[in-house]
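Coordinate analysis (summary)
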Amino acid sequence: MTAQQIQCQLGWQSFNRLIISVMFFIIAMSCDDLGKKQPLAERPIQTTFKVEDFNSATDCQNCHPNHYEEWSASMHAYSTQDPVWFKLQQNAHNSHAAKGVELGDFCVQCHSPIAALTDAITDHENLTPEIMSSLPIQIQEGVTCDVCHSTTHLPESTDIQTAEQNFETADFKLYMDGTRYSIIDDPQNNSFHESEFHEGYDQSDFCRNCHNLTVNGMDAEVTNFEWEGTAFEAMGSECQTCHMPTYEGYAAEGGPLRENLHRHYFPGVGTSIIAESENNGLLPAISEILDGSADVNIFEPLADTLLSTEPLTIKLIISNNAGHNFPSGVTFTRQLWLEVIASIDGDTIFHSGHLNENGDIYDFYTDPEKLVDPQLNVFNTVLYNEAGDSGIMNVSVEDMVWMNDYTLPVSGSRMVNYIIDLPTFAPEGGSTLEISARLRFRSFPPFLLRHINLNEEVDRLLIWDIDEISTSAVLE
């Protein structure tokens, strides 16, 4: 296939995707009466809370062992155990306190909603894992069962206002009368709690108070906004579709077999970096959700035979198949990058996206002058503050005034070029040029962990290979 044919095909594919998206969007807008966007039933909202209002997840374990086991391996349960979070929230509070700014529960409200709702943490600057372990178990459990299953209304997105120092704005609409909600429309009576169907529990908006953060109205961590208005929304593909896939099983011990139970691993890219962590079931769930989330393709195939008289330009297209930007969420700490290797008869002549002896790629944090890997392509965001400083070493999300966005757009792609210098001669009889590319992903860069004195944890960072492709040609 020629380059023109490929370009034409890609153009028609993009056009067809656009038409399908518009059609589904029109259909979705015209079918409001089907109930997806109808107002939820009137239910009460509680405004003040005590820790005792909430049950521990361990109270749910006997009746819901599968859900408990999955949740225990999830990042929701890990949210108040994560050593990176403890270090970063300490640094944020200390640096802002030095400027007379009080962040309050900004970092806590989504990592331990019960702690924020009950004002349980007063010394954020000195909050450590040891102090957390002394607090009530409901607080230690982070995003625990009752936080979600006592929600009575869908939340609003979270917007912080820095001028007013209004940082505690995450929206939780709960009511602790003993009723637990889910999408099961015929819950079984039991002696432990009342159960009720809630039509909002399989909607993406359920997640937006902690997964849609704006700063003074500017996009910061906006997975929900990225999804809105896309073909995924139009086709009814919600956050839960991918991050809480359904299966057949038992919601509770002794209950009926059900076909629409949701997994509770909540996979993304994050994993525990605590030494004793087992990640029960989470790693396969992450592997499954990342498999096929993006594709790498060569835009212009190499000719079967090449002349090594001038540099070779190779164009790659990286396409996003996820229902939001890729990566999403805390994109300024994520690393999604391309590794490209070119070799002749097994000898490497070009390497971009490789790791140094510390496990870091040569991005602008490690190699600001772009001397080692000038053609490196990283797909993330870079935050800037009012002083013009940039990057995760200098700017926290609450300080951002703008960002550069290099992520892969939803239902979109980015094209990148690599220029490879070929040798001026080839061995007699020709040589084989091989080029391979793979898209790699991890939750944190190692240099960030070392910066916050988590040196031992660096080795526990996992790299996920999302997709790879290779091609070859004969040099003459």
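Concerning helix H3 (residues 65–73)
- Here H3 has its buried residues at His67, Tyr68, Glu70, Trp71 and Ala73.
- Each element contacted by the buried residues of H3 is listed here: helix H2 (58–61), helix H4 (75–78), strand E6 (246–250), strand E7 (257–262) and helix H15 (282–290).

Section: the sheet that holds strand E9 (residues 305–306)
- With mixed pairing, five strands are arranged side by side in an open sheet as E9-E17-E16-E11-E12. At either margin of the open sheet sits one strand with a lone partner, and together these are E9 and strand E12 (347–352).
- Inspection of the sheet shows strand E11 (residues 335–344) paired to E12 by five bridges, in the antiparallel sense. Following the sheet pairing, Ser343 is matched in E12 by Thr348.
- Relative to strand E17 (residues 464–475), H15 is tilted by about 50°, and along the sheet it contacts strand E16 (431–442) and E17.

Topic: the pairing of E17
- Sheet topology places E9 next to E17; two bridges connect them, and they run parallel. When the bridges of E17 are listed, Thr305 appears paired with Val474.

As for the packing of aromatic side chains
- Applying the stated criterion across every chain yields a total of ten aromatic pairs.
- When the ring of Tyr68 is compared with that of Trp71, the centres are 5.8 Å apart and the planes differ by 40°; the resulting orientation is tilted. On the criterion of helical spacing, the pair formed by Tyr68 and Trp71 is a turn pair, its members being three residues apart in helix H3. This pair shows no difference in class: Tyr68 is buried, exactly as Trp71 is.
- Pairing Phe364 with Tyr365 gives two aromatic rings, centres 4.2 Å apart and planes at 25°, and the pair type is stacked.
- Ring pairing ties together the aromatic residues Phe364, Tyr365 and Phe447, which thus form one cluster.

What about the side chain of Ser112?
- Among the secondary structure elements, Ser112 is positioned in the loop between helix H6 (108–111) and helix H7 (113–117).
- Once residues within four sequence positions are removed from consideration, Ser112 is found in contact with Thr80, Ile139 and Gly142.

Remarks on unusual backbone geometry
- Looking along the chain, the bond that leaves Phe326 and enters Pro327 is cis, with omega of -5°.
- Mapped onto the elements, Pro327 comes out in the loop between strand E10 (312–320) and E11.
- Here Ser411, not a glycine, exhibits a phi torsion of approximately 55°, which is positive.
- Within the secondary structure, Ser411 is located in the loop between strand E14 (402–405) and strand E15 (413–420).
- Residue classification places Ser411 among the partly exposed positions, given a relative accessible area of 35%.
- Even without being glycine, Asn453 reaches a positive phi, approximately 65°.

Re the state of the cysteines
- Here the structure, examined in full by the defined rule, presents one disulfide.
- Here Cys110 connects covalently by a disulfide to Cys210, the sulfurs 2.2 Å from one another. A torsion of -95° about the S-S bond marks the disulfide between Cys110 and Cys210 as left-handed. One end of the pair, Cys110, is in helix H6; the other, Cys210, is in helix H11 (residues 208–211), and 100 residues separate them in sequence.
- The class for Cys110 is partly exposed, based on a relative accessible area of 22%.
- Looking at Cys107, it has no disulfide partner, and the nearest cysteine sulfur is the one in Cys110, 10 Å off.
- In this structure Cys145 is not part of a disulfide, and its nearest cysteine sulfur, from Cys60, lies 4.0 Å away.

So, how was this worked out
Residues numbered from 1 in each chain as written. Predicted model: local features only at pLDDT ≥ 70, side-chain atom pairs only at ≥ 80, totals over all residues. Heavy atoms only, no water. Buried < 20%, exposed > 50% of the residue type's maximum accessible area, 1.4 Å probe, protein only. Helix = DSSP H or I, 4+ residues; strand = E, 2+ residues; numbered from the N terminus. Contact = heavy atoms within 4.5 Å. Pairing = 2+ DSSP bridges. Axes fitted to C-alpha atoms, helices over the stretch in contact; angles between N-to-C directions. Phe/Tyr/Trp six-rings, centres within 6.5 Å; stacked < 30°, edge-to-face > 60°. Disulfide = S-S within 2.5 Å.

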